[in-house]
Amino acid sequence: MARRVFYSFDYDSDCWRASMVRNIGVVEGNQAARDNTWESVKRGDEAAIMRWIDDQLNGRSCTIVLIGADTAASRWVSYEIEQSLNSGKGILGIRIHKLLDQQQQVSKAGPDPFAALTLPDGRPLSATIQTYDPPGADSKEVYAYISEHLEGWIEAAIAARPR
């Protein structure tokens, strides 16, 4: 039975790359927000955006943070990570900057979004959350590596949930 996961990413920068990972198909991911849906959500107030995110996180066993150049700067990604941590979900990061975007371009690697967040004991979240940087000479090799390992990474994240 496929795990139900939530994908967290910076929509403006990485929607295309995120859709590639979501289409791998070894897990049941949250439904992709279409441009017009996300634009509508963003027009709401802060509480409405938080409710939408919370609804998307509901019933998921793991949050996968797809890390691109701007992910760590996204306040909504930080909120999604914090909510995932507070609700006891498994959490992992996957660097996706080497996947091609809609213009067939790779991106630069961004900072670790877990480094700025802390656990209740004061340790940085990055000390306990596994982040993967898939190897490969090109986007196809990176995609193949993610495809091959994604299911195992999810199971490892669920088993290693921060307490």
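Bear in mind the structure is a predicted one, so any value in this text is a computation, not a measurement.

1. Re the environment of Tyr7
Among the secondary structure elements, Tyr7 is positioned in strand E1 (residues 4-8). A residue is classified by how much of its surface remains accessible, and Tyr7, at 3% relative accessible area, is buried. Sequence separation between Tyr7 and Gly93 is 86 residues; the distance between their C-alpha atoms is 9.8 Å.

2. Looking at unusual backbone geometry
The backbone phi angle of Gln104 is positive, close to 60 degrees, even though this residue is not glycine. Relative to the elements of secondary structure, Gln104 occurs in the loop between strand E4 (90-95) and strand E5 (130-132). Residue classification places Gln104 among the partly exposed positions, given a relative accessible area of 49%.

3. With respect to the packing of aromatic side chains
The final tally for this structure, using the stated rule, is four aromatic pairs. Taking 4.1 Å as the distance between ring centres and 10 degrees as the angle between the ring planes, the aromatic pair formed by Tyr132 and Trp153 counts as stacked. Separated by 21 residues along the polypeptide, Tyr132 in strand E5 and Trp153 in helix H5 (residues 139-159) bring together distant segments of the chain. Considered together, Tyr132 and Trp153 belong to a single accessibility category, that of buried residues. Ring geometry for Tyr145 versus Trp153: centroids 6.1 Å apart, planes at 45 degrees, classification tilted. For Trp153, a relative accessible area of 7% translates into the label buried. Following the ring pairs from residue to residue traces out a cluster consisting of Tyr132, Tyr145 and Trp153. The residue whose ring lies beneath Arg75 is Trp76, and the NZ or CZ to ring-centre distance is 4.4 Å.

4. Some points on the pairing of E1
Taken across its five residues, E1 has four buried, putting it largely inside the fold. Where E1 meets strand E3 (residues 62-67), four bridges bridge the pair, whose relative direction is parallel. Bridge assignment links Val5 to a residue of E3, and that residue is Cys62.

The rules behind these values
Residues numbered from 1 in each chain as written. Predicted model: local features only at pLDDT ≥ 70, side-chain atom pairs only at ≥ 80, totals over all residues. Heavy atoms only, no water. Helix = DSSP H or I, 4+ residues; strand = E, 2+ residues; numbered from the N terminus. Buried < 20%, exposed > 50% of the residue type's maximum accessible area, 1.4 Å probe, protein only. Phe/Tyr/Trp six-rings, centres within 6.5 Å; stacked < 30°, edge-to-face > 60°. Lys NZ or Arg CZ within 6 Å of the ring centre and 35° of its normal. Pairing = 2+ DSSP bridges.

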